[in-house]
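Here is how the chains run, residue by residue.
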Amino acid sequence: MNGFFLIDKKEGWTSRDVVTKISHIFHERKVGHSGTLDPFATGLLVVSIGRATKANICLDGLDKEYIATLKLGGRTISGDKTNEILETKEVKPFSKEDIERVFKSLVGPQKQVPPMISSVRYKGQKLYHLALQGIEVDRPARDINIYELELLDFSEDTITFRVSVSKGTYIRVLGETIAEKLGNIGYLTTLRRTKVGPFKIEDAIDALEVSENNILDNYEVLSKVMPVVILNDKWAIHASHGVNLKENIYPNHGTILVADKNHMIIAIYKYEDGKYICQRGINDYGNNSI
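The rules behind each value
Residues numbered from 1 in each chain as written. Predicted model: local features only at pLDDT ≥ 70, side-chain atom pairs only at ≥ 80, totals over all residues. Heavy atoms only, no water. Helix = DSSP H or I, 4+ residues; strand = E, 2+ residues; numbered from the N terminus. Contact = heavy atoms within 4.5 Å. Areas by Shrake-Rupley, 256 points an atom, 1.4 Å probe, with all protein chains shown as cover. Lys, Arg positive; Asp, Glu negative; His and termini not counted. Charge placed at Lys NZ, Arg CZ, Asp CG, Glu CD. Salt bridge = Lys/Arg side-chain N within 4 Å of Asp/Glu carboxyl O. Buried < 20%, exposed > 50% of the residue type's maximum accessible area, 1.4 Å probe, protein only. Arc of directions from axis to C-beta. Polar contact = N/O pair within 3.5 Å; in protein donor to acceptor, adjacent residues only side chain to side chain. 1 Å grid on protein atoms, 1.4 Å probe; cavity = no way out; pocket = protein on both sides within 12 Å on 5 of 7 lines; lining within 4 Å. Points joined across faces, edges and corners; volume = space filled by probe spheres on them. Core = buried A, V, L, I, M, F, W, Y, C linked by side-chain atoms within 4.5 Å. Pairing = 2+ DSSP bridges.

Re the overall build of the chain
- If you tally the helices and strands in the chain, you get 6 helices and 18 strands.
- Structurally, the chain occupies a C-alpha span of about 70 × 40 × 40 Å along its principal axes.
- Partitioning the intrachain contacts of the chain with sequence separation of at least 6 by distance along the chain shows that 66% fall at a separation of at least 24.
- Here the chain displays about 14,700 Å² of accessible surface, and carbon together with sulfur accounts for 46% of that area.
- On the chain, the mean spot of the 38 positive side-chain charges and the mean spot of the 38 negative ones are 5 Å from each other.

A short note on the pattern of salt bridges
- Applying the stated rule across the entire model yields 13 salt bridges.
- A salt bridge links R172 to D38; the shortest N-O distance between them is 2.9 Å. Here D38 lies in the loop between strand 2 (31-34) and strand 3 (42-49) and R172 lies in helix 4 (residues 171-181), a separation of 134 residues in the sequence.
- Note on R172: relative accessible area 3%, which makes it buried.
- Here E87 makes a salt bridge to R75, at a shortest N to O gap of 3.0 Å. Linking E87 in strand 6 (residues 85-88) with R75 in strand 5 (residues 74-76), this pair joins segments that are 12 residues apart in sequence.
- Among the residues examined, E87 registers a relative accessible area of 33% and is labelled partly exposed.
- Each of the salt bridges in this network shares a partner with another, and the network as a whole consists of E65, E148, E150 and R162.

Focus on helix 6 (residues 233-240)
- When helix 6 is considered as a whole, its buried residues turn out to be A236, A239 and S240. For helix 6, the angular spread of the buried residues around the axis is 100°, confining them to a single face.
- The opening residue of helix 6, the one whose side-chain oxygen lies 3.2 Å from the backbone nitrogen of K234, is N232.
- G242 sits one or two positions beyond helix 6 and adopts a positive phi of about 80°.

Describing the environment of F40
- Locating F40 in the fold gives a position in the loop between strand 2 and strand 3.
- On the basis of relative accessible area, F40 is assigned to the buried category, the value being 4%.
- Counting along the chain gives 85 residues from F40 to Q125, while the straight-line C-alpha distance between them is 22 Å.
- Ignoring any residue separated from it by four or fewer positions in sequence, one finds F40 in contact with E11, D80, K81, T82, R172, L188, T189, T190 and L191.

Concerning unusual backbone geometry
- Notably, H253 is not glycine yet its phi reads approximately 60°, a positive angle.
- Given the relative accessible area of 33%, H253 is considered partly exposed.
- Even without glycine at this site, H263 takes up a positive phi of about 70°.
- Checked against the element boundaries, H263 lands in the loop between strand 16 (255-259) and strand 17 (265-272).

Details of the layout of surface pockets
- Taken as a whole, the largest pocket holds about 1,100 Å³ of empty space.
- For the lining of the largest pocket, the element with the highest residue contribution is strand 2, accounting for 4 residues.

Quick word on the nonpolar core
- Core analysis: the biggest nonpolar cluster contains 27 residues, and F103, I159, F161, V163, I171 and I178 have the highest contact counts within it.
- Broken down by secondary-structure element, the contributors of at least two residues to this core are strand 4 (64-72), helix 2 (96-106), strand 10 (142-154), strand 11 (158-165), helix 4 and strand 12 (186-196).
- In contact with I178, not counting residues within four places along its chain, are L70, V102, F103, L106, I159 and F161.
- Counting residues in hydrophobic clusters, the runner-up holds 23 residues, among them L6, L44, L216 and I265.

Examining the environment of I67
- Secondary-structure assignment places I67 in strand 4.
- For the pair I67 and T53, spaced 14 residues apart in sequence, the C-alpha separation works out to 28 Å.
- Residues within four places of I67 in sequence aside, it is in contact with L152, T160, F161, R162, T190, L191, R192 and T194.

Topic: the sheet that holds strand 17
- The strand order across the open sheet formed by 5 strands is 14-16-17-18-15, and the pairing between neighbours is mixed. Each edge of the open sheet is held by one strand with a lone partner, namely strand 14 (228-230) and strand 15 (245-246).
- Of the strand pairs in this sheet, strand 17 and strand 18 (residues 275-281) are connected by 6 bridges, and their pairing is antiparallel. Counterpart to Y271 in the pairing with strand 18 is Y276.

Spelled out as structure tokens, the structure:
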């Protein structure tokens, strides 16, 4: 097995649960994923298997889209429904125009501080381990970008929205920010990831129903997220050994994938100092191990 699955993660499952399930189904130890989803969240998880796990780095920076429901009038330590409510507050009335004004103010590049309930590391420890001990530490803000923020529905104490964001954006934190800008406190009750880069939830399947028929090959997935350069036999062999490639192999300069004439992805290359340098091997080419 060597390729990718688009999985619709269930609520209550961790991303690791999905990886473990697929590993057991196919009796394959090498299984990974790109873009962790919180246990309470559902939706699209891109899972790799076999040598395709080496290519997860190609997917890590993809933009993502979510649909979320924000409940106003309460606050939890995690910013979602999975923890007890620490504080309640009467909901301050708001209008559709108020929501749209807030949404407009939040679109664009900005800084966001990761929540304490997260897998971000602080001095070697994951933040959520510290949070569960009642310890809070200063976290550096990260650069994020909110591309779109659309109101889908609302009531006197809930707001449902669709949002398109860059890598590393916490929708739980965004929900708390929306509530704060409306003069309220709030937490997410639902979160569903609907897109990862060019991949859509409509094409995903339940992890319990996955089969060999659902696997997407490396080229089918990776060619949608990075430029691919097809090499002749001679240079395909060179690339399998990590040999530097000439500048004119791809004129735009940057990070590329190289493949053989049969569309087998061989390696990731990055342009540096007038040449392309091998960053990571993806597949063996013939008898040449990368």
